[in-house]
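# Coordinates in review
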Amino acid sequence: MIPSKNIATSPWLALMPFVFVLIWSTGFIVAKFGLPYAPPLTFLLLRFLGVLLFLFPIVLLMRAPWPVGTIRHIAVAGVLVQAGYLAGVWCAIKLGMPAGLSALIVGMQPVLTAFAAPLIGEQVRGRQWIGLIFGICGVALVVANKITLIGLTWQSIALCVMALLSITIGTMYQKRFCSHFDLRTGTIIQFAASSVVVLPLAIWLEDFSPALQTVNWTPNFVGALLWAIIALSIGSIFLLFTLIRKSAATQVTSLLYLTPPTTAIMAWLVFGEVFSLIGIAGMLLAVIGVVFVVKK
């Protein structure tokens, strides 16, 4: 697979994938801080609305251009990548899905993306298939010692599978139909569309109301919400969209193999969680897999 543009065309672009992985990997940490104090859909709705409140004044001041002819495609991609993926993972964890198992299920995304690559005119070379296999094996080793089946239900499994399909289809859809748009206005469109989808679900399933009676405004929750808005929903998404523009979809999604190992290290630093020698071996295997996929 030979992308039309090379990720590493400048020092900043060379560092961009690693910055993306670091920020993206904080997602499970944010969930651990935030979910005890608010239902998952309510948290996500506040997160989406926070992004709109943060970005809209910036767009007006900077007079950022609005897309022409692709608004519907941008909105669809946003609902899949934001609402579908995040709602699936967060609701599954809230229902008792172990974070390690959810990471393993969602970690299948690069493989699904590789299978679907011909649909958007991309090809995956033999060496890259080896890298994809190495990556998924590495992810499995990282989370193996953290997986427990206690509290596992078919609903939580279905939600994780939905999240996997949603972000995979969303990434491919955006690469195919709307890979180039102004990130500022495009992000507003995507989070506005996601808010429209999540709002009725939050009202129906979680008794959401403007009074926010289901939210406990602790410092941990406020900190998690602010980080989710600024770092995850704006910072990491801007980076993800830029990477999708600059490279092929399989290369970009292969970076997600590095998320579980990076999250495991963060959980060790923040929460004192431990991981085994098998987990360390899995981290190295995941890194090797990504190198195989992205190496020219």
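Residues numbered from 1 in each chain as written. Predicted model: local features only at pLDDT ≥ 70, side-chain atom pairs only at ≥ 80, totals over all residues. Heavy atoms only, no water.

Going by an unreviewed UniProt entry, the protein chain carries the name DMT family transporter and comes from Herminiimonas aquatilis. Its UniProt record gives the protein chain the following Subcellular location (unreviewed entry) comment, quoted word for word: "Membrane". (UniProt positions renumbered as here; feature names shortened; annotations may be inferred.)

### Comments concerning the nonpolar core
Counting 62 residues, the largest nonpolar core has Phe-20, Phe-43, Tyr-85 and Trp-90 as its most contacted members. The set of elements that each furnish at least two residues to this core consists of α1 (11–24), α2 (27–34), α3 (40–62), α4 (71–94), α8 (154–177), α9 (183–206) and α10 (219–246). For this core, the element with the most residues is α10, which contributes 14 residues. Among all residues touching Trp-90, those that are not within four sequence positions of it are Gly-27, Val-30, Ala-31, Leu-35, Pro-40, Phe-43, Leu-44 and Arg-47. (Core = buried A, V, L, I, M, F, W, Y, C linked by side-chain atoms within 4.5 Å. Buried < 20%, exposed > 50% of the residue type's maximum accessible area, 1.4 Å probe, protein only. Helix = DSSP H or I, 4+ residues; strand = E, 2+ residues; numbered from the N terminus. Contact = heavy atoms within 4.5 Å.)

### Re empty space enclosed by the protein
Taken as a whole and judged by the stated rule, the model has two cavities of 30 Å³ or more. Roughly 310 Å³ of volume is contained in the largest cavity. Trp-24, Gly-27, Phe-28, Tyr-85 and Leu-86 are, among the 21 residues lining the largest cavity, the residues nearest its centre. Of all the secondary structure elements, the ones that give two or more residues to the lining of the largest cavity are α2, α4, α5 (99–106), α10 and α12 (259–271). The leading source of residues in the lining of the largest cavity is α4, at six residues. Looking at the lining of the largest cavity residue by residue, the class counts come to 14 nonpolar, six polar and one charged. (1 Å grid on protein atoms, 1.4 Å probe; cavity = no way out; pocket = protein on both sides within 12 Å on 5 of 7 lines; lining within 4 Å. Points joined across faces, edges and corners; volume = space filled by probe spheres on them. Nonpolar A, V, L, I, M, F, W, Y, C, P; charged D, E, K, R; others polar.)

### Observations regarding the packing of α4 against α8
Between two packed helices, both the angle of their axes relative to each other and the distance between the axes serve to describe the pair. Axis separation between α4 and α8 bottoms out at 7 Å; the angle between their running directions is 160 degrees. Overall, the two elements α4 and α8 adopt an arrangement that is roughly antiparallel. The crossing of α4 and α8 is left-handed. In the contact of α4 with α8, the residues fall into 17 nonpolar, eight polar and no charged. (Axes fitted to C-alpha atoms, helices over the stretch in contact; angles between N-to-C directions. Parallel < 35°, antiparallel > 145°, perpendicular 65-115°, else oblique. Left-handed = near helix turned anticlockwise from the far one by under 90°.)

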